[in-house]
Amino acid sequence: MPAVTVPDLTVLPRLAPPAPDAMQRPVRAVHTAPRGFEGEGFPVRRAFAGAELSELDPFIHLDQMGEVEYGPGEPKGTPWHPHRGFETVTYMMDGVLRHNDSLGGGGVITDGDTQWMTAGQGILHIETPPEELVVSGGLFHGLQLWVNLPQAQKWVDPRYQDLRGDDVGLLSSDDGGALVRLIAGDLPGQAATGVRGPGSTYTPIVMLHASLSPGAQLDLPWDPSFNALVYVLSGDGTVGTDRRPVRTGQLAVFGPGDAVTAAAATKQDSRHPQLELLLLGGLPIREPVAWMGPFVMNTREEIQQAFEDFEAGRLGSVPAVHNAPTDLLVTETDSPLD
Ligand code: MN
């Protein structure tokens, strides 16, 4: 896994552990991600498919892209497609992804880079492997997270943040057995280290990628106003103080509290020597969600408007289709923290 790695964790600032009286968050549920295909046919795991939107709020959708070893000519991307009403966060661990948008923006992300796109009022974009990678094939592993925007910010102008792997905030766990890469936000009680993630969202979140050596334990202080989700990118381990087993492609949803714990099994498979976890927390928006395909709004009428605007070319001029749910999904969110 070339996503920023550090050979000697002892040189990194240490994570301050949770306070002794911290309330450990219980594991509410573990969901197993179904496999599917996205865009022109690249393999994904739909990480959030088993969870309620109310448990995920402010997150909407997460695809783990790969991990897949492409043969020559096999790498695939997406066609041109629109988005409105949320932000996409694309994090590449292995391989290369190129993006271009209808406003003339674009860039290339690779090993440990993150591309953050605020769709806001609307944009069209395309995500593809570069031509040389299509020719050669190779390892491809990344993820794309959708972060909702509150009603008041759904109509902001689109913007990009291109975050280089080198900008990610690095910490070592207290026992030196885990590397924590902060991609966005920060963890409570770490002010002394000054380490935080470079990504900035309209909705406050924390997003981190942790690699745990066999047998290592990760104890993280967690903002009590945030939700808490742990997704297993690869490996075997446990979550919570009751050590619930989790493996590749599973999502753990935590209840309220101010600390989160996870641990790596003492034995990992030979291809993935470490337990790789994505940890997410965010301030729930607690607004109704109307989601269809590439649009995430508050009402049915706004979804209809988005499709009309797209068809009329008001989101840009490149024709497109996309998948994700083809039926309108409307929920009244109530936070799991209530
Ligand atoms: Mn997209």
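This is a predicted model, so every value here is computed, not measured.

Novice: Hey, could you run me through the packing of aromatic side chains in this one?
Specialist: Any pair of aromatic rings gets described here by the distance separating the centres and the angle formed by the planes. Throughout the structure, instances matching the rule amount to 5 aromatic pairs. Here Phe42 and Phe140 contribute two aromatic rings whose centre-to-centre distance is 6.4 Å and whose plane-to-plane angle is 65°, an arrangement assigned as edge-to-face. Here Phe42, found in strand S3 (residues 42-46), pairs with Phe140, found in strand S11 (residues 138-148); they are 98 residues apart in sequence, far enough to count as distant. By relative accessible area, which is 5% here, Phe42 ends up buried. With centroids separated by 5.8 Å and ring planes inclined at 50°, the aromatic side chains of Tyr70 and Phe140 adopt a geometry described as tilted. Pair noted here: Tyr70 is in strand S4 (residues 59-70) and Phe140 is in strand S11, with a separation of 70 residues, a long-range link. The two residues Tyr70 and Phe140 agree in class, both being buried. One aromatic cluster in this structure is built from Phe42, Tyr70 and Phe140.

Novice: Would you mind going over the confidence of the model for the protein with me for this structure?
Specialist: Low pLDDT marks stretches whose predicted atomic positions should not be read closely. Residues with a pLDDT of 70 or more make up 93% of the protein, whose mean pLDDT is 89. Counted against residues more than four places away or in other chains, residues 319-327, with its pLDDT under 50, gives 27 contacts. Taken as a whole, residues 332-338 scores under 50 in pLDDT and shows 22 contacts with residues more than four places along the chain or in a different chain.

Novice: What should I look at first to understand the pattern of salt bridges in this one?
Specialist: Pairs may arise between side chains of opposite charge once their charged atoms sit close together. Counted under the stated rule, the structure contains 8 salt bridges. Notably, a salt bridge pairs Asp162 with Arg164, separated by 3.7 Å at the nearest N-O pair. Here Asp162 falls in the partly exposed class, since its relative accessible area comes to 34%. Note on Arg164: relative accessible area 34%, which makes it partly exposed.

Novice: I tried to follow helix H3 (residues 300-311) on my own but got confused; where do I start?
Specialist: Each α-helix turn comprises 3.6 residues. Residues three or four places apart therefore point the same way. In a regular helix each residue adds 1.5 Å, so 12 residues correspond to 16 Å; H3 covers 17 Å between its end C-alpha atoms and thus fits that length. Those residues of H3 lying buried are Glu302, Ile303, Ala306, Asp309 and Phe310. The buried residues of H3 occupy an angular sector of 125° when the element is viewed end-on, so they sit on one face. Of the exposed residues in H3, the ones pointing more than 90 degrees away from its buried face are Arg300, Glu301 and Glu311. Residues of H3 that are buried in the fold lie against strand S5 (81-83), strand S10 (123-128), strand S24 (289-292) and strand S25 (295-297). Positive backbone phi, at 80°, marks Gly313, one or two positions downstream of H3.

Novice: Any chance you could explain the coordination of the manganese ion here in plain terms?
Specialist: In a perfect tetrahedron of four donors around a metal, the angles come out at 109.5 degrees. In a perfect octahedron of six, they are 90 or 180 degrees. Within the protein, His81 (NE2), His83 (NE2) and His125 (NE2) serve as the donor atoms for the manganese ion, at 2.1 to 2.2 Å. Between consecutive donors of the manganese ion, the numbers of intervening residues give the motif H-x1-H-x41-H. Of the two residues, His81 and His83, neither departs from the other in class, the shared state being buried.

Novice: Is there a simple way to explain unusual backbone geometry in this structure?
Specialist: Peptide bonds are, in most cases, trans, and in most cases residues other than glycine have a negative phi. For the peptide bond that leads from Asp57 to Pro58, omega is 15°, which places it in the cis range. Within the fold, Pro58 resides in the loop between helix H1 (53-56) and S4. Residue Gly66 is joined to Glu67 through a cis peptide bond whose omega torsion reads 5°. Summarising the element assignment, Glu67 is placed in strand S4. The phi dihedral of Arg243 is positive, around 50°, even though this residue is not glycine. Looking at the secondary structure, you find Arg243 in the loop between strand S19 (236-239) and strand S20 (244-247).

Novice: Sorry, what's going on with the sheet that holds S3 here?
Specialist: Hydrogen bonds between backbone groups are what pair the strands of a sheet, and the pairing can be parallel or antiparallel. One open sheet holds the 7 strands; their spatial order is S2-S3-S4-S11-S6-S9-S12, and the pairing between them is antiparallel. Among the strands making up the open sheet, the edge pair consists of strand S2 (35-38) and strand S12 (159-163). Going across the sheet, the axis of each strand differs from the next one's by a mean of 25°, ignoring polarity. Summarising the sheet, strand S6 (residues 86-94) and S11 pair through 8 bridges and their orientation is antiparallel. Paired with Thr90 across the strands is Gln144, a residue of S11.

Novice: Looking at this structure, how should I read the side chain of Thr118?
Specialist: If you trace the backbone, Thr118 turns up in strand S9 (residues 114-118). A polar atom in the side chain of Thr118 sits 2.7 Å from the side chain of Glu87. Discounting residues that sit within four places of it in the chain, Thr118 has contacts with Phe86, Glu87, Leu149, Val156, Pro158, Arg159 and Tyr202.

Novice: Even after reading the chapter, I still don't get the environment of Phe37, so can you show me in this structure?
Specialist: Looking at the element boundaries, Phe37 is found in strand S2. Given the relative accessible area of 58%, Phe37 is considered exposed. It is 34 Å that separates the C-alpha atoms of Phe37 and Gly177, two residues lying 140 residues apart in sequence.

Novice: In this structure, what is going on with the nonpolar core? I would like to understand it.
Specialist: Soluble globular proteins tend to pack their nonpolar side chains together in the buried interior. Residues Phe48, Leu145 and Met207 are the most contacted members of the largest nonpolar core, which totals 41 residues. For Met207, the residues in contact, after removing those within four places along its chain, are Val89, Tyr91, Leu143, Leu145, Arg181, Leu182, Ile183, Ala184, Leu278, Leu279 and Leu280.

The rules behind each value
Residues numbered from 1 in each chain as written. Predicted model: local features only at pLDDT ≥ 70, side-chain atom pairs only at ≥ 80, totals over all residues. Heavy atoms only, no water. Phe/Tyr/Trp six-rings, centres within 6.5 Å; stacked < 30°, edge-to-face > 60°. Helix = DSSP H or I, 4+ residues; strand = E, 2+ residues; numbered from the N terminus. Buried < 20%, exposed > 50% of the residue type's maximum accessible area, 1.4 Å probe, protein only. pLDDT = per-residue confidence, 0-100. Contact = heavy atoms within 4.5 Å. Salt bridge = Lys/Arg side-chain N within 4 Å of Asp/Glu carboxyl O. Expected span 1.5 Å × (residues − 1). Arc of directions from axis to C-beta. Donors = N, O, S within 2.8 Å, 3.2 Å for Na, K, Ca; no water. Pairing = 2+ DSSP bridges. Axes fitted to C-alpha atoms, helices over the stretch in contact; angles between N-to-C directions. Polar contact = N/O pair within 3.5 Å; in protein donor to acceptor, adjacent residues only side chain to side chain. Core = buried A, V, L, I, M, F, W, Y, C linked by side-chain atoms within 4.5 Å.

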